[in-house]
Amino acid sequence: MAVSKTKPAGMVREAWHLGQRDFGENYLQEALDKQAELAGLDDIVWHFIGPLQSNKTRAVAEHFAWVHSVDREKIARRLSDQRPVELGALDICLQVNISDEPSKAGVTLDDLPALAAAVLEMPNLRLRGLMAIPAPAEGIEAQRLPFARLREALAALKARFPDAPLDTLSMGMTADLEAAVLEGATLVRLGTAIFGEREPR
Ligand SMILES: *Cc1c(COP(=O)(O)O)cnc(C)c1O
């Protein structure tokens, strides 16, 4: 996935012309503006990857194919209720607080099975897998540890819910993508590596 937050629609278009189809955005209004500008690119796949509050769920359910940052049942319930049926199910990753950092986004590993069970019951969501943003670490071996834990958490969920369409490990950003790939990432989220450094917002 190419993470295009803070980057102009023209850069997204350029990447699309090179064959890139999946794009990630964190900020709702910025994303909606870009989507409007790029409405002609009809096979583009938009992923919402940022923090998600209740007042944003309707627009996200209406304008994205994927949400990677679901970490509580209330938000999942709203996304399912607000997803237009004609768009088909919204693909969901549950964000896990894999480094167990206090006050960071993400469900804890302890609470993950209950949240997954709840989401699997929601009619307009398709639970595809897990996402995490580990605490920064130096060196590939240290970077691999939290990604290995996320891989094991997905394997445990698959064992518990064998009929669930769990096929996605959304992990790895510019600074740790090699470690994530070594641990089985199926989708890396790359911003800086593709579009260059971002200006502070
Ligand atoms: C910004 C962001 C990325 C991309 O980060 P880079 O370090 O620029 O590759 C990936 N995932 C999430 C959730 C982000 O917010």
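Structure first, text after, so check above.
Residues numbered from 1 in each chain as written. Predicted model: local features only at pLDDT ≥ 70, side-chain atom pairs only at ≥ 80, totals over all residues. Heavy atoms only, no water.

A.B. asks: Which parts of the structure should I look at to understand the overall build of the protein?
C.D. replies: When helices and strands are counted, the protein shows eight helices and seven strands. For a compact globule of 201 residues, the expected C-alpha radius of gyration is about 17 Å, and the protein comes in at 16 Å, within 12% of that figure. Principal-axis analysis of the C-alpha atoms places the extent of the protein at approximately 45 × 40 × 30 Å. Taken across its 201 residues, the protein has 50% of its residues classed as buried. Of all intrachain contacts in the protein linking residues separated by at least 6 positions in sequence, the fraction that spans at least 24 positions is 57%. With an accessible surface of roughly 9,900 Å², the protein has 51% of that area assigned to carbon and sulfur atoms. (Helix = DSSP H or I, 4+ residues; strand = E, 2+ residues; numbered from the N terminus. Rg over C-alpha atoms; globule rule 2.2 N^0.38 Å. Buried < 20%, exposed > 50% of the residue type's maximum accessible area, 1.4 Å probe, protein only. Contact = heavy atoms within 4.5 Å. Areas by Shrake-Rupley, 256 points an atom, 1.4 Å probe, with all protein chains shown as cover.)

A.B. asks: Got a minute to help me understand the pattern of salt bridges in this structure?
C.D. replies: Following the criterion strictly, the structure yields 11 salt bridges and no others. One salt bridge connects R72 with D71, and the closest N-O pair in it is separated by 3.2 Å. We classify R72 as partly exposed; its relative accessible area is 38%. When its relative accessible area of 18% is taken as the criterion, D71 is described as buried. Within the structure, one salt-bridge network assembled from shared partners comprises D91, R126, R128 and D167. (Salt bridge = Lys/Arg side-chain N within 4 Å of Asp/Glu carboxyl O.)

A.B. asks: Honestly, the nonpolar core in this entry has me stumped. Any pointers?
C.D. replies: It is characteristic of soluble globular proteins that their nonpolar side chains tend to be buried jointly. Within the largest apolar cluster, 55 residues are counted, with the highest numbers of intra-cluster contacts made by V67, L79, I92, L94 and L130. Contact partners of L94, with chain neighbours within four places excluded, come to H68, V70, L112, L115, A116, V119, L127, G129, L130 and M131. (Core = buried A, V, L, I, M, F, W, Y, C linked by side-chain atoms within 4.5 Å.)

A.B. asks: Whenever I open this one, helix 2 (residues 28-37) confuses me. Can you help?
C.D. replies: Note that an α-helix has 3.6 residues per turn; residues three or four places apart therefore point the same way. Among all positions in helix 2, only L28, E30, A31, K34 and Q35 are buried. Around the axis of helix 2, the buried residues are gathered within 160° of arc, so they sit on the same side. For helix 2, the exposed residues set more than 90 degrees away from the buried face come down to A36 and E37. Structurally, helix 2 contributes buried residues whose contacts are with helix 1 (9-17), strand 2 (22-25), strand 3 (45-48) and helix 3 (57-63). (Arc of directions from axis to C-beta.)

A.B. asks: Help me understand the site of the ligand, please; the structure alone is not making it clear to me.
C.D. replies: Around the ligand, a shell composed of V3, K5, N26, I49, I133, M173, T174, R189, L190, G191, T192 and R198 is seen. R189 places a polar side-chain atom, nitrogen or oxygen, 2.9 Å from a nitrogen atom of the ligand. R198 places a side-chain nitrogen or oxygen 2.7 Å from an oxygen atom of the ligand. Contact with the protein chains hides 90% of the accessible area of the ligand, taken as 390 Å² for the molecule alone. For the shell around the ligand, a count of residues per class yields five nonpolar, four polar and three charged. (Near = heavy atom within 4 Å. Polar contact = N/O pair within 3.5 Å; in protein donor to acceptor, adjacent residues only side chain to side chain. Nonpolar A, V, L, I, M, F, W, Y, C, P; charged D, E, K, R; others polar.)

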